[in-house]
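What the coordinates show
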Amino acid sequence: MYRTVTFFMLSIIMLLSTFAPYSVNADEDTIDVTRTENDTFSWDNATVYFAMTDRFLDGDPTNNNSYGRPQEDAWGQNIGTFHGGDFQGLTDKLNDGYFTDLGINSIWISAPYEQVHGWVGGGPDGDFAHYAFHGYYALDYTMTDQNWGTVEDMREFVDTAHENGIRVVLDVVMNHPGYNTLQDMHEYGFGNPGVSTNWTPSSGQSWHDVHNYINYNDADAWRSWWGQWVRAGIAGYPSCGNNDRTQCLAGLPDFRTELTNSIGLPPLLETKWEMERDGSYDEWIVPAADDLRADLNMAPADYIVEWLSAWVAEFGIDGFRVDTAKHVELQRWDQLKESANDALWTWREENPDAPGADWTDDFWMTAEVWGHGVGRSEYFDHGFDSVINFTFQGENGNGPAYNLATMESTFSRYANAINSDPGFNVLSYLSQHDTHLFPRDNLIDGGTYLMLLPGGVQVFYGDETARPYGPTGSDPDQGTRSSMNWDQVNESVLHHWQIMGQFRNSHIAIGAGEHEQIGSSPYTFSRTYQDDDLEDSVVVAIGASGATTIDVSSVFSDGQTVRDFYTKETAVVSNGEVTFQAHDYGVILIERAGEAPPTVAASPQGGEFDEESLEVTLHVSGAESGMYTLDGSNPADGGMVYEDGDVITIGEDLAVDESVTLQLYAENDAGEAEADYTFTKTPPYPSVAADPPGGTFTGDGVEVTLSARNVEEASYVLNDNEAVVYENGDTLLLGEGADMGDVITLTLTGENEYGTAEETYEFTKAEGLTLYYRTDWSQPHIHYAIDDGSWTDSPGVAMEPSPFEGYAMITLDIDEQSRVTAAFNNGSGQWDNNQGQDYHITSGVFTLEDGQIREGDPESPATVTLYYYTNWSNPHIHYAIGSGNWTTLPGKALTASSKYPDYYEVTIPLEDADTLTAAFNNGGGSWDNNQGRDYSFKQGIHTVRNGRITAGVPRQ
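All values reported here derive from a predicted model rather than from experimental measurement.

At a closest axis distance of 8 Å, the pairing of helix α8 (residues 300–315) and helix α9 (residues 330–350) adopts a crossing angle of 25°. Classed by the angle they form, the pair α8 and α9 counts as roughly parallel. The chirality of how α8 crosses α9 is right-handed. On α9, the residues touching Ala 301, Asp 302, Val 305, Glu 306, Leu 308, Ser 309, Val 312, Ala 313, Glu 314 and Phe 315 of α8 are Arg 332, Gln 335, Leu 336, Ser 339, Ala 340, Ala 343, Leu 344 and Trp 347.

Written out as structure tokens, the structure is:
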């Protein structure tokens, strides 16, 4: 039985038309997004991003060649190979805010379970090796595919998506498993392959010619494949049928989903699972599916339903996009929906603290039924909430998506059909992986039309960046599946899609509201939505130019202040009209400009303190006052009243190692805000430190700032000289007159009744830039420019082998203040250009590995060096190393950069950890904590500007 919820709300009463939860900077180079607790999600207004996992972003290069899969086939092609995209890449982009910036509220990823390991011939001509990078050739539903990551990688991706308010939808297939491949035949002992795993086509042959060697008439050999689970055109198997339910689609083995009785397990899986019982595969086995890797006396389709539902039970998956839906019996989709829905609600009940556990929408399913349009069909009576709409793009590129003149009839027809029936919706797209890409030169208009469509919409990865059509061989579909163009993003297209996506995500009326045309020149319409607890109204003009007067009288009243979401200009309605200066793209997006919910905060934001007491500054905005408690009671029920900027003192009555929790609350007409911060009193242990904490330096020396806390006396020793007493904040100039390679040792000591602190730092005089580059290329080159000078001639300068295995090196003669902009290549066309951003390096000794720049040679201790852009006069970084404790607030003071105006810098040793988690503040209550997500840094050099992290030093 389903719990039916049309949409859910985090606030009981909310007028979306009075509040847009996103703030967008009109500067095309930046876009700032603020998510609020008033965001409303509805599948009726879903914006679903389809990321073909392998082609999206390589976040973990260590898994790229799992099962021996190459990134180029034996003919040097990568048309059908795995390119490296994985769960980690998706997570990285979630953490970067990429999907939030686009207004995405759901991500559809490739089927994540294990695919066949080997290749089949690609295209009708067999002119490339085709691997299962797309996820449609299943091998084992109970494991993650190793190319995409482990179970924990998958869990991190889902949790991170949920933390960002984004649902996760899996592509799933019940109709068929994958083809037989040479690698799987040899690895699991089925079939009669006739040639070795390493076979490749000879001159005059194609990749299809492998079938000339495989004996498909050896019934005994093929019994150990899928057995009676499938129909297949080989000896000993039931024959393929001639209707939608029983045909072997594209020659794939067809699951006999009509069976209702047990026929045991597939021999292939029995063999495979027996090989995996030694524990070495546990990090890829889905825990909820572990008990399903056995004979459970079920029919084949029942197993598949249980295996797919295990992903929901384990991770809290929110929906399925079902491939080839018309090729499976309708009752099986009812079964899958009920099983997955039960699994989702069970996951929420068993994981109440997990992100997304408090959501109240049922499990969602959309069907791929080839050629289906905007019409209700039998699929909506058998488990599906939505069906993919092929007719907006048109199977032959002949749909209404290309022309403004068709939009009114399209918008009206879609809204009338979809939003008059709560049990009916479609998922429309501009581009698809097995049809066409929308014209790359018309994606501004295409993005406008798509994001304003009634019903759900699908953003195909790269439509927002103008990803180019890729190589195809003899299969034109492959060109639609090219790797994401991170190194050549069309920023104008991306910025437009971000604004349109955020506007859509802010307004449920776009997808779920009533549509009414207002005018034709420019084309103007309204969308209005009203439910018992929610109202939302917008007016949109397309094709506007210059100062444009728009009739908004059917939606907004005289005297109301409205704004154009695209340009952020505001206007007051007069005589039922407003006038806006249209953006160059001709889109005006009108919403009511109104009040936002309040915010509350404290500075410092919890953590440890080692003084007798601590002063905490309380903040509230959007309300005249807030309330707080320190005794564990709810501040909304009689807490102490405070105003913005009030200071309270805590900790006077705390013993060492005791904690107190500060709870804050405020409310206004638009909503509520809550926050809590825990403070712990610690012993006042002594501490001493130097900034920078050692490393290399160039020029006439390096200025070092000394710090000392909780000490009776602190001293420093240079090399083997006498100790010198210093005070907190004193500075030293080290290295005057030093020669290249000289090492200066600085030792700091301080003590009090709780113990002694001692830290030692080494500073090495370096000259120019020495760079170590981690690569497996046989002849790496560096292509570079110094400051604003000319670039080297491509491919650049060949790098030399270094004393460190796996690293190439180069030394460039540059001044201390110079900056090198660089990219790397293998001398024959393969590039590493930091995903189109290039690398930015200054003088000194640095190591570049896996896209991260760090100071020192490859064996130097791991550090994080940060350049932070701010107009604060006293910025601090509050941080935690790995899973360790956070620094005492406000954290460590940053030092003004001598090389980069308006930047402050700091270097922090990572000790034995992999990451540094941080937030920045001005030392007096103003914070930059990445919109509540904090910043995460791996070892290396990073620049943080306006919420964006880039590798290397600042770009000037």
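Let us look at the state of the cysteines. A complete count under the given rule lists 1 disulfide for this structure. Covalently, Cys 240 is tied to Cys 248 through a disulfide, its sulfur atoms 2.0 Å apart. With the S-S dihedral at roughly -85°, the linkage between Cys 240 and Cys 248 falls on the left-handed side.

A few words on the sheet that holds strand β27 (residues 626–629). With mixed pairing, the 5 strands of this open sheet are ordered in space as β25-β31-β30-β27-β28. Edge positions in the sheet fall to β25 (607–609) and β28 (640–642), since each has one partner strand and no second. Strand-to-strand twist of the sheet, defined as the mean angle between neighbouring strand axes without regard to direction, takes the value 30°. For β27 and β28, the ladder comprises 3 bridges, and the chain directions are antiparallel. Looking at β28, one finds that Tyr 628 is bridged to Met 640.

Okay, helix α2 (residues 87–95) next. Of all 9 residues in α2, 7 are buried; the element is thus mostly enclosed. Taken as a whole, α2 has its buried residues at Phe 87, Gln 88, Gly 89, Leu 90, Thr 91, Lys 93 and Leu 94. Where the residues of α2 are buried, they touch β2 (47–51), α1 (53–56), α3 (98–101), β3 (106–109), β7 (138–144) and α4 (151–163). Phi turns positive one or two residues past the end of α2, at Gly 97, with a value near 80°.

So, on to the UniProt feature "domain: Glycosyl hydrolase family 13 catalytic" (unreviewed entry) in the chain. Here the UniProt-annotated "domain: Glycosyl hydrolase family 13 catalytic" (unreviewed entry) positions come out as residues 50–504. Taken end to end, residues 50–504 has its terminal C-alpha atoms 17 Å apart, with 27% of it in helix and 12% in strand.

Our focus in this paragraph is the layout of surface pockets. Estimates place the volume of the second largest pocket at around 1,500 Å³. Taken together, 45 residues line the second largest pocket, and the ones lying closest to its centre are Ser 687, Ala 689, Tyr 879, Thr 887 and Lys 892. When residues of the lining of the second largest pocket are traced back to their parent elements, those giving at least two are β32 (687–691), β34 (702–709), β39 (755–765), β51 (876–881), β52 (892–893) and β54 (903–909).

All right, on to the sheet that holds strand β38 (residues 743–752) then. Spatially, β33-β39-β38-β35-β36 is the arrangement adopted by the 5 strands of the open sheet, whose pairing is mixed. For this open sheet the edge positions go to β33 (695–697) and β36 (724–726), each flanked by a neighbour on one side alone. Each strand axis lies, on average, 30° off the axis of its neighbour in the sheet, ignoring direction. Looking at chain direction, β38 and β39 are connected through 10 bridges and run antiparallel. Bridging from a neighbouring strand, Leu 746 pairs with Tyr 761 of β39.

Our next topic: the pattern of salt bridges. Evaluation of the coordinates by the stated rule reveals 28 salt bridges. Salt-bridge contacts for Asp 101 lead to Arg 948; the nearest nitrogen and oxygen are separated by 2.6 Å. Here Asp 101 is found in helix α3, whereas its partner Arg 948 is found in strand β59 (residues 948–951), with 847 residues between them in sequence. Overall, Asp 101 belongs to the buried group, its relative accessible area being 6%.

This paragraph deals with the pairing of strand β44 (residues 807–812). For β44, a buried count of 5 out of 6 residues is recorded, marking the element as mostly surrounded by other parts of the structure. Direction of pairing for strand β43 (residues 800–801) relative to β44: antiparallel, over a ladder of 2 bridges. The partner of Glu 800 across the bridge, within β44, is Met 809. Here β43 folds back onto β44, and the loop between the two strands holds 5 residues, one of which, Gly 806, carries a positive phi near 90°.

With burial as the criterion, each face of strand β14 (residues 426–429) is covered, one bearing Val 426 and Ser 428 and the other bearing Leu 427 and Tyr 429. Bridge count for strand β13 (residues 386–389) against β14 is 3 bridges, and the pairing is parallel. Within β14, the residue paired with Val 387 across the bridge is Val 426. Taken together, β13, helix α10 (residues 407–418) and β14 constitute a β-α-β crossover, and its handedness is right-handed. Judged from the 3 bridges that link them, β14 and strand β15 (residues 456–460) form a sheet pairing that is parallel. Within the sheet, the bridge partner assigned to Leu 427 lies in β15 and is Gly 456.

Thresholds, definitions, all that
Residues numbered from 1 in each chain as written. Predicted model: local features only at pLDDT ≥ 70, side-chain atom pairs only at ≥ 80, totals over all residues. Heavy atoms only, no water. Axes fitted to C-alpha atoms, helices over the stretch in contact; angles between N-to-C directions. Helix = DSSP H or I, 4+ residues; strand = E, 2+ residues; numbered from the N terminus. Parallel < 35°, antiparallel > 145°, perpendicular 65-115°, else oblique. Left-handed = near helix turned anticlockwise from the far one by under 90°. Contact = heavy atoms within 4.5 Å. Disulfide = S-S within 2.5 Å. Pairing = 2+ DSSP bridges. Buried < 20%, exposed > 50% of the residue type's maximum accessible area, 1.4 Å probe, protein only. UniProt positions renumbered as here; feature names shortened; annotations may be inferred. 1 Å grid on protein atoms, 1.4 Å probe; cavity = no way out; pocket = protein on both sides within 12 Å on 5 of 7 lines; lining within 4 Å. Points joined across faces, edges and corners; volume = space filled by probe spheres on them. Salt bridge = Lys/Arg side-chain N within 4 Å of Asp/Glu carboxyl O. Right-handed = clockwise from strand over helix to strand, strands pointing away.

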